[in-house]
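So the chains spell out like this:
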Amino acid sequence: MKDIIIAIDGFSACGKSTLAKALAKKLNYRYIDTGAMYRAVTLYFIEQNIDYTQTNQVEKALANIEISFQNINQQNTTFLNGENVESKIRQMYVSEQVSPVATISAVRRAMVQQQQAMGKDKAIVMDGRDIGTVVFPDAELKIFLTADPQVRAERRHLEYLDKNEHVDMQVILDNLNERDRIDSSRADSPLTQAEDARVLDNSNMTPTEQMDIVLDWVEQVQTASNTV
Ligand code: CDP
């Protein structure tokens, strides 16, 4: 079967990474969590006190940021300049700053360039907000995930509880809504559904049910591209 690029976009906490990880494992593809990259940049800005309204500070900071991923105990783990930042970047103080940071064009340019380089050999599943529209407009399979906001907040709440962290449901819901608002309305690469994306509302689906649907789509796309 021909290697393809699978782009998964959608709103905050609608299960993109759960799907992307499982799919990558099944197909033996690379998985890239682009949200983790924007979160790592945000963490750097916070820790280094970068005033991200100042272009020169942002440009200088970006030149000093190196983001990479490693598989540790079967978990995709994010590194920022050699430090494992996987748990820090998921904290609410990062979630509260990440969408404003992700509106900055210089930040997006730097991230998109790295993401495109990661996908040059295909065989990749990448999730984010602009993957099917900007990073890989020619991706063979584009998926746009949606889910009911209350369901998304409950899922994120459970993820925090799993890590023994209690974050108030309302705080989570407000953060998801606010990020969706900023992500969808920004000037540079707003979150929108690519015209050729397949839409999946997984509000009432288990991960297995959603995986079965998507594997059918992968098969359809691979069959089509093998006959071209
Ligand atoms: O996992 P969750 O849905 O909470 O979000 P994420 O995928 O970790 O992304 C965090 C934030 O990064 C988003 O709310 C966007 O502001 C930004 N982002 C983006 O602008 N473009 C991407 N390709 C991925 C994430």
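To start, this report covers the structure provided alongside it. Keep in mind the model is a prediction, meaning the values are calculated, not measured. (Residues numbered from 1 in each chain as written. Predicted model: local features only at pLDDT ≥ 70, side-chain atom pairs only at ≥ 80, totals over all residues. Heavy atoms only, no water.)

1. Quick word on the side chain of D9
Reasoning step 1: With respect to the element layout, D9 can be found in strand β1 (residues 5–10).
Reasoning step 2: From its side chain, D9 meets the backbone nitrogen of D130 in a polar contact 3.1 Å long. (Helix = DSSP H or I, 4+ residues; strand = E, 2+ residues; numbered from the N terminus. Polar contact = N/O pair within 3.5 Å; in protein donor to acceptor, adjacent residues only side chain to side chain.)

2. Section: the sheet that holds strand β5 (residues 83–84)
Reasoning step 1: If you walk across this open sheet you meet the 3 strands as β3-β4-β5, and the pairing is antiparallel. Among the strands making up the open sheet, the edge pair consists of β3 (67–72) and β5.
Reasoning step 2: Alignment of β3 against strand β4 (residues 75–80), held across 6 bridges, turns out to be antiparallel. Note on β4: the bridge partner recorded for S68 is F79. (Pairing = 2+ DSSP bridges.)

3. Overview of the packing of aromatic side chains
The geometry of an aromatic ring pair is captured by the separation of the ring centres together with the interplanar angle, meaning the angle of the planes.
Reasoning step 1: This structure, assessed with the given rule, holds 2 aromatic pairs.
Reasoning step 2: A centroid spacing of 5.8 Å and a plane angle of 85° characterise the contact between F11 and F144, whose relative ring orientation is edge-to-face. Highlighted residues: F11 in the loop between β1 and α1 (16–27) and F144 in strand β7 (residues 141–146), separated in sequence by 133 residues.
Reasoning step 3: Both rings, one in F45 and one in Y52, keep their centres 6.1 Å apart while their planes meet at 25°; by these two values the pair is stacked.
Reasoning step 4: You can call F45 buried: its relative accessible area is 2%.
Reasoning step 5: You can call Y52 partly exposed: its relative accessible area is 24%. (Phe/Tyr/Trp six-rings, centres within 6.5 Å; stacked < 30°, edge-to-face > 60°. Buried < 20%, exposed > 50% of the residue type's maximum accessible area, 1.4 Å probe, protein only.)

4. Concerning the pattern of salt bridges
Reasoning step 1: Across all of its chains, the model carries 13 salt bridges by this definition.
Reasoning step 2: We note a salt bridge from D121 to K120, for which the minimum N-O separation is 3.5 Å.
Reasoning step 3: A salt bridge links R186 to D183, with the nearest nitrogen and oxygen atoms 3.6 Å apart.
Reasoning step 4: Assessed through its relative accessible area of 3%, D183 is described here as buried. (Salt bridge = Lys/Arg side-chain N within 4 Å of Asp/Glu carboxyl O.)

5. Describing the site of the ligand
Reasoning step 1: Around the ligand sit 19 residues in total, of which A13, R39, R156, R179 and D183 are the nearest.
Reasoning step 2: Between the ligand and R39, the relevant distance is 2.7 Å, taken from an oxygen atom to a side-chain nitrogen or oxygen of the residue.
Reasoning step 3: S99 is positioned such that a nitrogen or oxygen atom in its side chain is 3.0 Å from an oxygen atom of the ligand.
Reasoning step 4: Alone, the ligand offers 530 Å² of accessible surface; in the complex the protein occludes 96% of this.
Reasoning step 5: Residue assignment for the shell around the ligand shows that the elements contributing at least two residues are α2 (34–47), α4 (92–101) and α8 (169–185). (Near = heavy atom within 4 Å. Areas by Shrake-Rupley, 256 points an atom, 1.4 Å probe, with all protein chains shown as cover.)

6. Some details on the sheet that holds β1
Reasoning step 1: Pairing is parallel across the open sheet formed by 5 strands, whose spatial order is β2-β6-β1-β7-β8. Every other strand in the sheet has two partners, leaving β2 (30–33) and β8 (198–201) as the edge strands with one partner each. Here the average twist between neighbouring strands, direction ignored, is 20°.
Reasoning step 2: Where β1 meets strand β6 (residues 124–128), 5 bridges bridge the pair, whose relative direction is parallel. If you follow D9 over to β6, its bridge partner there is G128.
Reasoning step 3: Packed onto the sheet, helix α9 (residues 207–226) meets β1, β7 and β8 and runs at close to 170° relative to β8. (Axes fitted to C-alpha atoms, helices over the stretch in contact; angles between N-to-C directions. Contact = heavy atoms within 4.5 Å.)

7. Let's talk about α1
Reasoning step 1: When the terminal C-alpha atoms of α1 are compared, their 16 Å separation across 12 residues agrees well with the 16 Å that a helix rising 1.5 Å per residue should span.
Reasoning step 2: The complete set of buried residues in α1 reads K16, L19, A20, L23 and A24. For α1, the arc enclosing every buried residue in end-on projection is 125°, short of the 170-degree limit, so these residues lie on one face. Among the exposed residues of α1, those pointing more than 90 degrees away from its buried face are K25 and K26.
Reasoning step 3: Against β1, β2, β6, β7 and α9 lie the buried residues of α1. (Expected span 1.5 Å × (residues − 1). Arc of directions from axis to C-beta.)

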